[in-house]
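# A structural walkthrough
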There are 2 protein chains.
Amino acid sequence: MKFVVFFVATFLVASQCYGASFRSFPLQMPTGYGDGASHDDVRCASWRLAVESLNIQSFETIPEECVAYIANYIEGGQYQSDSKTANQQVFFYARELQVQDNDVVIFNVDGTALSNIPYYSQHGYGSEKFNSTRYDEEFVNKSDAPALPETLKNYNKLLDLGFKIIFLTGRLTDKKAVTEANLRKAGFHTWEKLILKDPSNNQKAQEYKVAERKKLMQQGYRIVANVADQWTSLRGANKAIRTFKLPNPMYSIQ
Amino acid sequence: MKFVVFFVATFLVASQCYGASFRSFPLQMPTGYGDGASHDDVRCASWRLAVESLNIQSFETIPEECVAYIANYIEGGQYQSDSKTANQQVFFYARELQVQDNDVVIFNVDGTALSNIPYYSQHGYGSEKFNSTRYDEEFVNKSDAPALPETLKNYNKLLDLGFKIIFLTGRLTDKKAVTEANLRKAGFHTWEKLILKDPSNNQKAQEYKVAERKKLMQQGYRIVANVADQWTSLRGANKAIRTFKLPNPMYSIQ
């Protein structure tokens, strides 16, 4: 009953805050999977798992019937728990290593170090098509994003262990000042490098990150871990000794 | 309410059928993640996601507090839905290809083509340490495993599209006859090859599968997809144009 009450409450709150982009949908739809599980939530959970396990490699917007499910996932506690578990695994792995002077852990920025939930909660949790101008104006340029709390905890623990931190982001170099300001404001007080993308660089996300990691290795760094919410940050060559996928069912960067 | 009733029902049924390996646990434990989500289910869902997204690379047994959660996941409909979504993604990808004569799709056997839920449901859904003698005696040698229904559907569709199917399994060559008999009985009526492991081969799972895929490529096959429930089947070199991870939170093969 608690679950039902909780879900209805979340649904009501969500339907208030979505604004124009919110579409309600029938909660009960047959899936043919038996008595207890005949609703969209089951299928939306499968869709989310397929994204997180890389069976779905790209999507433009989340499925329309999954908006309330994703809102509930993000705001209801499961997302933070998933984020915590992923970050814990980074730490459990890292603390077993003999730290060397040139050891780095790479973190992505948006959706990994800095939370863009404040933006996405106002834009349908991924159900609106991404608009980079609006994202920059309403989110990036304000330098006001909070840290993803579990990433910040992990970041501090990794620094304590002696690892250097490198932020590698698809944000363009003209966002360097606002990004630095935001990272500091959110509590990320130190880093070895903050790598942003040159506006003249036409590489796709994965290709760009592979190339930047190659440069880091040529500079003598050992990339012990690579932490990101997008598989495009974690795939391809020079990917680090281990990669860690933070949850993100809201968007897909190619 | 339906959810609660369903969960309690599943729990009661599960507690009957586990036998000695079943341990009950408190359903409500604080996680600090807010009102509605303060129970083990949230953490067990995070653990499962970490396994499926490769943040946890290996485990010997599932966490003790997650037995009822995993039982409910497997038997309650979500597992079948996840299996369906993963298999659908294979088909959606494959149907866009121009099929060539030497195109193959690789399927793993246990937990991918053949369901070992009948075995694991009698052995704590992964909470008992794996016993290969018992697994062979009670499961493999009986040739009686049902197909994973969504894999069988997908298999038939891929054959219709013109793809050849290769089964690549860690089962040893002395299990060839019982495996062939079981595949046929379960509805897998044709295959290009069934590759089993030589008993003298000491390679670990991933190394063995990389080597076998290399042989297939040297024989002129194009591996368009590789479908398995274990990441060790899907990682390393020669891994196919695309890989697809079927759900399996019960065990981890190294």
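Because the structure is a prediction, the values reported are computed rather than measured.

The rules we used
- Residues numbered from 1 in each chain as written.
- Chains lettered and ligands numbered in written order.
- Predicted model: local features only at pLDDT ≥ 70, side-chain atom pairs only at ≥ 80, totals over all residues.
- Heavy atoms only, no water.
- Disulfide = S-S within 2.5 Å.
- Helix = DSSP H or I, 4+ residues; strand = E, 2+ residues; numbered from the N terminus.
- Buried < 20%, exposed > 50% of the residue type's maximum accessible area, 1.4 Å probe, protein only.
- Pairing = 2+ DSSP bridges.
- Axes fitted to C-alpha atoms, helices over the stretch in contact; angles between N-to-C directions.
- Contact = heavy atoms within 4.5 Å.
- Salt bridge = Lys/Arg side-chain N within 4 Å of Asp/Glu carboxyl O.
- pLDDT = per-residue confidence, 0-100.
- Core = buried A, V, L, I, M, F, W, Y, C linked by side-chain atoms within 4.5 Å.
- Phe/Tyr/Trp six-rings, centres within 6.5 Å; stacked < 30°, edge-to-face > 60°.
- Lys NZ or Arg CZ within 6 Å of the ring centre and 35° of its normal.

Here we take up the state of the cysteines. Joining two cysteines, a disulfide is a covalent bond between their sulfur atoms. Residues and elements named next belong to chain A. Tallied over the full model, the rule gives 2 disulfides over all chains. Disulfide pairing is shown between Cys-44 and Cys-66; the S-S distance is 2.1 Å. The sign of the S-S torsion, about -90°, decides the handedness of the disulfide formed by Cys-44 and Cys-66: left-handed. Highlighted residues: Cys-44 in helix α2 (residues 40-52) and Cys-66 in the loop between α2 and α3 (67-75), separated in sequence by 22 residues. You'll find Cys-44 and Cys-66 in the same group, each marked buried.

Residue and element names in this part refer to chain A. Taken in spatial order, the 5 strands line up as β3-β2-β1-β4-β5 in an open sheet, and their pairing is parallel. The open sheet has two edge strands, β3 (193-197) and β5 (242-245), and neither has a second partner. On average, each strand axis in the sheet is inclined to that of its neighbour by 20°, with strand direction left out of account. Helix α4 (residues 78-94) contacts β1 (103-107), β4 (222-228) and β5 of the sheet and is inclined by roughly 160° relative to β5. Lying on the sheet, helix α9 (residues 205-218) is in contact with β1, β2 (164-172), β3 and β4; it crosses β2 at an angle near 145°.

Glancing now at the pairing of β1(A). All names here are of chain A. Within β1, 5 of the 5 residues are buried, leaving the element largely enclosed by the surrounding structure. Going residue by residue along β1, you find Asp-103, Val-105 and Phe-107 tucked away on one face and Val-104 and Ile-106 tucked away on the opposite face as well. In terms of strand pairing, β1 meets β4 through 5 bridges, oriented parallel. Bridging from a neighbouring strand, Val-105 pairs with Ala-225 of β4.

Right, let's talk about the pairing of β5(A) for a bit. Residues and elements named next belong to chain A. Both faces of β5 are covered, namely the face carrying Arg-242 and Phe-244 and the face carrying Thr-243 and Lys-245. Pairing analysis gives 4 bridges linking β4 to β5, with the strands arranged parallel. In the strand pairing of β5, Asn-226 is matched with Thr-243.

What follows concerns the pattern of salt bridges. Residues and elements named next belong to chain A. Counted under the stated rule, the structure contains 24 salt bridges over all chains. The salt bridge involving Arg-171 is made with Asp-110; its shortest N-O contact spans 2.7 Å. Of this pair, Arg-171 sits in strand β2 while Asp-110 sits in the loop between β1 and α5 (117-120), and the two are 61 residues apart along the sequence. According to the relative accessible area criterion, Arg-171 is buried, its value standing at 8%. For Lys-215, the salt bridge goes to Glu-212, with nearest N and O atoms at 3.0 Å. Within this pair, Lys-215 and its partner Glu-212 are both found in helix α9, separated by 3 residues, close to a single helical turn. Note on Lys-215: relative accessible area 40%, which makes it partly exposed. Accessibility expressed as a relative area gives 12% for Glu-212, which makes it buried.

All right, on to the confidence of the model for chain A then. Residue and element names in this part refer to chain A. This prediction gives chain A a mean pLDDT of 88; 85% of its residues lie at or above 70. The low-confidence segment residues 1-38 (pLDDT under 50) makes 64 contacts with residues lying over four places distant or belonging to another chain. In the predicted assembly, ipTM is 0.87 and pTM is 0.87.

Time to look at the nonpolar core. Ranked by size, the top nonpolar core spans 110 residues in total, and within it Phe167(A), Phe188(A), Phe167(B) and Phe188(B) carry the most contacts. What Phe188(A) contacts, discounting residues up to four positions off in sequence, is Ala113(A), Leu114(A), Ala147(A), Thr151(A), Leu152(A), Tyr155(A), Phe167(A) and Leu183(A).

Here we take up the packing of aromatic side chains. Within a pair of aromatic rings, the relevant descriptors are the distance that separates the centres and the angle that separates the planes. Residue and element names in this part refer to chain A. For the coordinates displayed, the defined rule picks out 32 aromatic pairs over all chains. Ring centres of Tyr-119 and Phe-139 lie 6.3 Å apart, and the angle between their planes is 55°; this geometry places the pair in the tilted category. In this pair, Tyr-119 sits in helix α5 while Phe-139 sits in the loop between α6 (132-138) and α7 (149-161), placing the two residues 20 residues apart along the sequence. Across the pair, Phe-139 and Tyr-119 agree in class, each one buried. Joined through ring pairs, the aromatic side chains of Tyr-119, Tyr-120, Phe-130, Tyr-135, Phe-139 and Tyr-251 make up one cluster. Positioned above the aromatic ring of Phe-91, the side-chain terminus of Lys-157 is 4.8 Å from the ring centre. Here the guanidinium or amino end of Lys-197 rests over the ring plane of Tyr-208, the centre of that ring lying 5.4 Å away.

In this section: unusual backbone geometry. All names here are of chain A. A positive phi angle, close to 55°, is found at Ser-143, a residue other than glycine. Its place among the elements puts Ser-143 in the loop between α6 and α7. Its identity is not glycine, yet Ala-240 carries a phi of approximately 95°, on the positive side. Note that Ala-240 resides in the loop between β4 and β5.

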